[in-house]
Amino acid sequence: ELVQLGCYYVDWRILNTAEHGVSQNRPRLYIVLIRDDCHRGTFTWPEPIACPSIERFLKQRDHTDASLAMQPPSHRGAAEKWTLHTDKLSLQGEEPQTQPWLWNVGASKSRSTAMYDCCPCLLRSQRDIWVSNRGRVLTLRERCRLQGQNPDTITVTVSDQQWHMQLGNSMSLNVLERLLSSLLPATGLTDTLPDHWASGAALKAFDESVRND
């Protein structure tokens, strides 16, 4: 339907947040349209880059986390999924109390899949993603970083509940930034733009954010 408009270059691709510098499994459809009279033929999709460890986005683990990691969550329905995953992983020779395994404790058993060193897709719930070696769910600042947003550089003007919902509904800013750094110059709107995620500059700023937690 977009091609039939007859006045745009149209292309699309499914991009996963985890392939663009942030440890969250979040595949989303991205559609690019460039008006024909602005199309320079230079647009290229950002190439995947290495997925960093989830530990670079989480508050540093301490003795309290180590103690909590041995205990199931207290909120309703979550303890069953905790037991299911920790028992299964332990039988496989894994150590979820010391390794970063993440799963959705609010989902059904069939949809709550444990992922190692990467966050499952963030949702709107305040109590969704459990971090096994922290013994807790993700904090708001951690969720923010896992959407490619630096919590030290934004002003929050909503309640925590609303912020949870907004982050769950948000597009991942790291993917958008990488996409726009290629797209805007290809339309003539800007000169060449840097790719802060490919260069590692964005992630270094996140390291400072983690130290501020």
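Residues numbered from 1 in each chain as written. Predicted model: local features only at pLDDT ≥ 70, side-chain atom pairs only at ≥ 80, totals over all residues. Heavy atoms only, no water.

Novice: Looking at this structure, I do not really get the overall build of the chain. What am I missing?
Specialist: For the chain, the count of helices and strands is seven helices and six strands. Reading the chain from its N end, one meets helices and strands in the order β-β-α-α-β-β-β-β-α-α-α-α-α. For the chain, the spread of C-alpha atoms along the principal axes amounts to about 60 × 35 × 35 Å. Once local pairs closer than 6 in sequence are excluded, the contacts in the chain between residues at least 24 apart make up 64%. In the chain, which carries 23 positive and 24 negative side-chain charges, the distance between the mean positions of the two groups comes to 5 Å. (Helix = DSSP H or I, 4+ residues; strand = E, 2+ residues; numbered from the N terminus. Contact = heavy atoms within 4.5 Å. Lys, Arg positive; Asp, Glu negative; His and termini not counted. Charge placed at Lys NZ, Arg CZ, Asp CG, Glu CD.)

Novice: Got a minute to help me understand the nonpolar core in this structure?
Specialist: Generally speaking, soluble globular proteins have nonpolar side chains that are buried together. With 15 residues, the main nonpolar core has Leu102, Cys119, Leu138 and Leu146 as its most contacted residues. The greatest single-element share of this core, amounting to three residues, is contributed by helix α7 (residues 201–211). Not counting residues up to four positions away in its chain, the partners in contact with Leu146 are Thr17, Val22, Ser23, Gln24, Ile54, Phe57, Cys119, Leu122 and Leu138. Judged by nonpolar contacts, the second largest core, of ten residues, contains Leu15, Tyr30, Val175 and Leu183. (Core = buried A, V, L, I, M, F, W, Y, C linked by side-chain atoms within 4.5 Å. Buried < 20%, exposed > 50% of the residue type's maximum accessible area, 1.4 Å probe, protein only.)

Novice: Would you take a moment to explain a nonpolar patch on the surface for this structure?
Specialist: Residues Leu2, Leu5, Tyr8, Trp12, Ile14, Leu29, Ile31 and Leu33 make up a contiguous nonpolar surface patch of roughly 770 Å² in combined accessible area. Residue assignment for the nonpolar patch shows that the elements contributing at least two residues are β1 (8–16) and β2 (27–35). Tracing the sequence through the fold places Ile31 in strand β2. (Patch = residues over 30% accessible without salt bridge, like charges linked within 9 Å, V, L, I, M, F, W, Y side chains within 5 Å. Areas by Shrake-Rupley, 256 points an atom, 1.4 Å probe, with all protein chains shown as cover. Salt bridge = Lys/Arg side-chain N within 4 Å of Asp/Glu carboxyl O.)

Novice: Got a minute to help me understand the sheet that holds strand β6 (residues 136–137) in this structure?
Specialist: Pairing between sheet strands relies on hydrogen bonds along the backbone, with the strands arranged either parallel or antiparallel. Sheet architecture is open: four strands sit in the order β4-β3-β5-β6, paired in antiparallel fashion. Of all the strands in the sheet, the pair left with one neighbour each is β4 (115–116) and β6. (Pairing = 2+ DSSP bridges.)

Novice: Looking at this structure, how should I read the packing of aromatic side chains?
Specialist: Aromatic ring pairs: the centre-centre distance and the angle between the two ring planes describe each pair. Enumeration according to the criterion identifies four aromatic pairs in this entry. Aromatic pair Trp101 and Tyr116: ring centres 5.2 Å apart, planes at 50°, arrangement tilted. Of this pair, Trp101 sits in strand β3 (residues 101–104) while Tyr116 sits in strand β4; the two residues are 15 residues apart in sequence, bridging distant segments of the chain. When the ring of Trp197 is compared with that of Phe206, the centres are 5.4 Å apart and the planes differ by 85°; the resulting orientation is edge-to-face. By the burial criterion, Trp197 is buried, and Phe206 matches it. (Phe/Tyr/Trp six-rings, centres within 6.5 Å; stacked < 30°, edge-to-face > 60°.)

Novice: Help me understand the environment of Asp37, please; the structure alone is not making it clear to me.
Specialist: Among the secondary structure elements, Asp37 is positioned in the loop between β2 and α1 (63–68). For Asp37, a relative accessible area of 60% puts it in the exposed group. A distance of 2.6 Å separates polar atoms of two side chains, one belonging to Asp37 and the other to Arg35. (Polar contact = N/O pair within 3.5 Å; in protein donor to acceptor, adjacent residues only side chain to side chain.)

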